[in-house]
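Spelled out from the first residue to the last, the chains are:
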Amino acid sequence: MSKPMYRKDNRKSDRLEFPLNIDTDNKESTRDSIEVLTSELTKKELALVERTIRSMGMEEELKRLRPLSGLYRVIKALTTERRLESLLDVITKETQSILNCDRCSVFILDKQKAELWTQLAQGLDKQKQIRVALSAASVVSQCARTAKQINIADAYKNKHFDPAFDRLTGYRTESILCVPMLNRHADVIGVFQVLNKSTGSFTESDEEWLLALTTVAAGLIEQAQAYLEIEHFVDRTLETLAQTIDKRDPLTAGHSIRVTNYSLLLGKSLKIPEVDLPVLRYAAMMHDYGKIGVPEAILWKNGRLTSTEFACVQQHARYTYDLLSNLPFKGKLASVPFIASCHHEKIDGSGYYRNLKGNEIPYLARIIAVADVFDALTSERHYRNRMPLEKVAEIMLSGKGNHFEPEYVDFFFNLPSSQVVTVMESERGQSTTAGIKQFEMTSLKRLIELVLGAKPKRKEEGLLKAFEAIYNAGLPPNYKPLD
């Protein structure tokens, strides 16, 4: 009888670990030992197979649940995305993932123009929006007209497919699935179009998923469109109120709109958070609303103001806060009255009307301050004429660190001069479109250097003359820049 042999292995392993009591002199004992070994091997193999099956099952389950998770993310967009463009971006990306296709576009019906448009066409770098006539002989138009889904396995064999866009972009459309998007009244409001399923043609299951997505998306898109309409109404209402104040005096007409546009240019250059842009827009637009409480005799005075008169003008910032506080600004917009009323505060604390200092002044108000002074200096006033650009630059630069946030002045002067000049001349009754392109590669800072006598570089020849023609257009022959 031989001694029992044991395999010693303290490492974790899939190998079998049990005593092998094999007696080579006893055939029956050997047979029993082999049967035990076979049994243990079978158990181990079965365990491995079970683990593999479970793993495969989980993978299949993940594949099955992936579309559900995508649908959940689209539904979640209901609470996170209100802007139509952002919402469409979420929907198209999730649809592309769910259906495992190459491209997805959501076409929205523009009833007034009888067109279908898509804001985000994936794979297109230069063209961000596509418009297709509702009457066109295209697949997406046919889907919208008939309110029926269309599943095409081979686009080039379908009579309704127009290959013109493929030729234009170099893309090759193969399979197409279009599903109409209906509102709660069963009216077509758009079309979902997906292209080129990675595994061949689109299936009935794909049709069901896309139909479910369009049902969810229709409500979200209608809500986003309603929000956009409300936002547009509020925007136009506030713009009208601002213009009403400006137009009390012909010389200040357009001031609030120009300050708003300058502020937005500077804010975007500074890369402020997207959610702060509406706040900046409304605060800049309404910054002078309090001037409704300043007598016209003072606003229109043709000459320098007395200290008493200037103190009266200073009250407009307080009036702005009081009046705007009566408007129902909610959420993030609740800060609009305070920010708008701080546009005359200065970094060193010498501003009005609260005498705030440094970071006590909201950063959006510091942006508006730069825009407000720049527009005032480049515009005609009752007490002075429009300043030459070099004088404007001198005043703005001397205000860095005491009146203005230094960084904001630097960023403003680094704006493309084409953008600044376009805003500058926007309310003067002349079009700058024809000559503005030559300013696109030149910053405002460089334009000022040219005004101050810097030697023009290549492609800068004639730039100074072109600017002076725009800046001085319409001025009388005896015009003097300063009193």
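These figures come from a predicted structure and were not determined experimentally. (Residues numbered from 1 in each chain as written. Predicted model: local features only at pLDDT ≥ 70, side-chain atom pairs only at ≥ 80, totals over all residues. Heavy atoms only, no water.)

Colleague: Would you mind going over the nonpolar core with me for this structure?
Modeller: Among soluble globular proteins, nonpolar side chains are generally buried collectively. Among the nonpolar cores identified, the biggest contains 62 residues, and Tyr 262, Ile 367, Val 370, Phe 374, Met 396, Phe 412 and Phe 439 are the most heavily contacted of them. Of all the elements, helix H11 (residues 363-377) adds the most residues to this core, at nine residues. Leu 88, Phe 202, Ala 217 and Ala 224 belong to the second largest nonpolar core, which has 25 residues in total. (Core = buried A, V, L, I, M, F, W, Y, C linked by side-chain atoms within 4.5 Å. Buried < 20%, exposed > 50% of the residue type's maximum accessible area, 1.4 Å probe, protein only. Helix = DSSP H or I, 4+ residues; strand = E, 2+ residues; numbered from the N terminus.)

Colleague: What is the right way to read helix H14 (residues 417-424) from this model?
Modeller: Given 3.6 residues per helical turn, the α-helix brings residues three or four places apart onto the same face. Burial analysis of H14 places six of its eight residues in the buried class, the great majority of the element. Turning to H14, its buried residues number three or more, namely Ser 417, Ser 418, Val 420, Val 421, Val 423 and Met 424.

Colleague: Would you explain the pattern of salt bridges in this entry?
Modeller: A side chain with one charge may pair with a side chain of the opposite charge, provided their charged atoms come close. A full pass over the atoms with the stated rule returns 18 salt bridges. Lys 400 is the salt-bridge partner of Asp 410, the closest N and O atoms lying 2.7 Å from each other. Here Asp 410, found in helix H13 (residues 406-413), pairs with Lys 400, found in the loop between helix H12 (389-398) and H13; they are ten residues apart in sequence, far enough to count as distant. Asp 410 sits in the partly exposed class, given a relative accessible area of 33%. Within the structure, one salt-bridge network assembled from shared partners comprises Asp 235, Arg 236, Glu 239 and Arg 281. (Salt bridge = Lys/Arg side-chain N within 4 Å of Asp/Glu carboxyl O.)

Colleague: Is there a simple way to explain a nonpolar patch on the surface in this structure?
Modeller: A cluster of nonpolar side chains, namely Ile 230, Phe 233 and Val 234, defines an oily patch on the protein surface of about 300 Å² accessible area. Tracing the chain through its elements places Phe 233 in helix H5 (residues 204-246). (Patch = residues over 30% accessible without salt bridge, like charges linked within 9 Å, V, L, I, M, F, W, Y side chains within 5 Å. Areas by Shrake-Rupley, 256 points an atom, 1.4 Å probe, with all protein chains shown as cover.)

Colleague: I tried to follow the packing of H5 against helix H7 (residues 277-285) on my own but got confused; where do I start?
Modeller: Two measures define how a pair of helices packs: the angle their axes make with one another and the distance between the axes. Contact geometry of H5 with H7 gives a least axis separation of 9 Å together with a crossing angle of 25°. As the angle between them shows, H5 and H7 are arranged roughly parallel. Along the contact surface, H5 presents Glu 231, Val 234, Asp 235, Leu 238, Glu 239 and Ala 242, while H7 presents Arg 281, Tyr 282 and Met 285. The class makeup of the residues in the contact of H5 with H7 is five nonpolar, no polar and four charged. (Axes fitted to C-alpha atoms, helices over the stretch in contact; angles between N-to-C directions. Parallel < 35°, antiparallel > 145°, perpendicular 65-115°, else oblique. Contact = heavy atoms within 4.5 Å. Nonpolar A, V, L, I, M, F, W, Y, C, P; charged D, E, K, R; others polar.)

Colleague: Is there a simple way to explain the packing of aromatic side chains in this structure?
Modeller: Think of a pair of aromatic rings as described by two things: how far the centres are apart, and how the planes are tilted against each other in angle. As enumerated under the stated definition, the model contains seven aromatic pairs in all. Members of the aromatic cluster, joined through ring pairs, are Tyr 262, Phe 374, Phe 412 and Phe 413. Taking the ring centre of Tyr 171 as reference, the NZ or CZ of Arg 103 above it sits at 3.7 Å. Note that Arg 354 overlies the ring of Tyr 321, its terminal NZ or CZ placed 5.0 Å from the centroid. (Phe/Tyr/Trp six-rings, centres within 6.5 Å; stacked < 30°, edge-to-face > 60°. Lys NZ or Arg CZ within 6 Å of the ring centre and 35° of its normal.)

Colleague: Explain the sheet that holds strand E1 (residues 101-110) here, please?
Modeller: The pairing of strands in a sheet comes from backbone hydrogen bonds and takes either a parallel or an antiparallel form. Overall, antiparallel pairing links the six strands, which are arranged E3-E2-E1-E6-E5-E4 in an open sheet. Every interior strand has two partners, whereas the edge strands, strand E3 (130-133) and strand E4 (150-152), have only one. The mean angle between the axes of side-by-side strands here comes to 20°, regardless of whether they run parallel or antiparallel. Relative to the sheet, helix H2 (residues 84-99) contacts E1, strand E2 (115-118) and strand E6 (188-197), its axis offset from that of E1 by approximately 145°. The sheet contacts of H5 involve E1, E4, strand E5 (176-182) and E6, and relative to E5 the element is tilted by about 40°. (Pairing = 2+ DSSP bridges.)

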